[in-house]
Amino acid sequence: MKVILSRKGFDGSNGGTASPILPDRTMLSLPIPSMDSDTYCDLQYNGKPYSAILRELNPRKTYGSCHIDPDLDATRRVRSVVNWAPGFGQIGAAQAYLMRNVEISEGDLFLFFGNFHFVDIVDGQYAYVKTSGDYYHNHDIQAIWGYLQVDKILNDAQEIKPFYWHPHACAARLSRSTNTLFTAKRRLTFAPDVPGSACLPYAEKRVLTAKGANKATWKENPVYMPDAIIGSRKNSAAGKGVYYAGIWQELGLVECKEAENWAIELLRDSYEP
């Protein structure tokens, strides 16, 4: 099983703020703004629309349409979708990297990470935490918030069309040769009682950011150091830690038992008491 770290959700360029970690430890990854037909009003958490959450967290910015991808939790949609199934789409250079370099296949595991900041409820509204004694609570961090184990890899337009709710099933993307949809296994192969995809609650072990560092500088870990990733990447960290500069979405880890065990341990408390 190969493991792929996949960057998804809000950042400084796409969304302009961090996704929130809610008081109940829910990591609410906010899908990036786009020209798709879905809007932030179409998504909700515990009955509160994402549009309302965003007005509280970043009131100076207006949010309209969004790109719901990966789509891992049907309960986040205000209106239910007939025959909904989880999925993740990719296209262009990022998809070429997955197919040609990573040689992604059935059973491989995406770990989705993004930029987050803890929030509290102040005067009945969400507000970013600034004065906690915990470094990770006070600062923007990068953390793993979801996963999907690959079942089918669909790149034929006719195969993708039945997933009509997914943004990679729109006409503009269906016409592109690299457009691909990854479906999820019903159950994890290494934990058969657990769904093959899901959003994850916050846990410190899922934080990539090194304490005291910029959010994009990660803790050193042999499974994602330069000699353990697929493709040519340079560690640009100024001191300790690892930082992969540039605009990139996918980072494939060299297939090995150590990387597999690391990923399994990251997910373990989501399915074991």
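Being a predicted model, the structure only gives us computed values, none of them experimental.

1. Considering empty space enclosed by the protein
Empty space among the atoms becomes apparent when a probe as large as a water molecule is rolled across them. Applying the stated rule across the entire model yields 1 cavity of 30 Å³ or more. In this model, the largest cavity occupies a volume close to 190 Å³. For the largest cavity, the lining is made up of 16 residues, of which Ser-29, Pro-31, Ile-68, Pro-70 and Trp-145 are closest to its centre.

2. Thoughts on the pairing of strand E5 (residues 87–90)
Taking every second residue as pointing to the same face, both faces of E5 are buried, with Gly-87 and Gly-89 on one and Phe-88 and Gln-90 on the other. As judged from the 4 bridges shared by E5 and strand E9 (residues 180–184), these two strands associate in the antiparallel manner. Residue pairing in the sheet places Phe-88 in a bridge with Phe-182 of E9.

3. Thoughts on the environment of Phe-190
Mapping Phe-190 onto the fold places it in the loop between strand E10 (187–188) and strand E11 (191–195). When the C-alpha positions of Phe-190 and Leu-30 are compared, they lie 29 Å apart, and in sequence the two are 160 residues distant.

4. Describing the nonpolar core
One finds Leu-5, Leu-111, Tyr-224 and Trp-262 to be the most contacted residues of the largest nonpolar core, which totals 29 residues. Mapped by element, the contributors of at least two residues to this core are strand E1 (3–7), strand E6 (109–122), strand E8 (141–154), E11 and helix H6 (257–268). Counting residues per element, this core draws most heavily on H6, at 5 residues. If we skip the residues at most four places from it in the chain, Leu-5 touches Leu-111, Phe-113, Ile-144, Trp-218, Tyr-224, Trp-248, Gln-249, Glu-250, Leu-251, Leu-253 and Trp-262. Judged by nonpolar contacts, the second largest core, of 25 residues, contains Tyr-97, Phe-110, Phe-118 and Ile-230.

Criteria and cut-off values
- Residues numbered from 1 in each chain as written.
- Predicted model: local features only at pLDDT ≥ 70, side-chain atom pairs only at ≥ 80, totals over all residues.
- Heavy atoms only, no water.
- 1 Å grid on protein atoms, 1.4 Å probe; cavity = no way out; pocket = protein on both sides within 12 Å on 5 of 7 lines; lining within 4 Å.
- Points joined across faces, edges and corners; volume = space filled by probe spheres on them.
- Buried < 20%, exposed > 50% of the residue type's maximum accessible area, 1.4 Å probe, protein only.
- Helix = DSSP H or I, 4+ residues; strand = E, 2+ residues; numbered from the N terminus.
- Pairing = 2+ DSSP bridges.
- Core = buried A, V, L, I, M, F, W, Y, C linked by side-chain atoms within 4.5 Å.
- Contact = heavy atoms within 4.5 Å.

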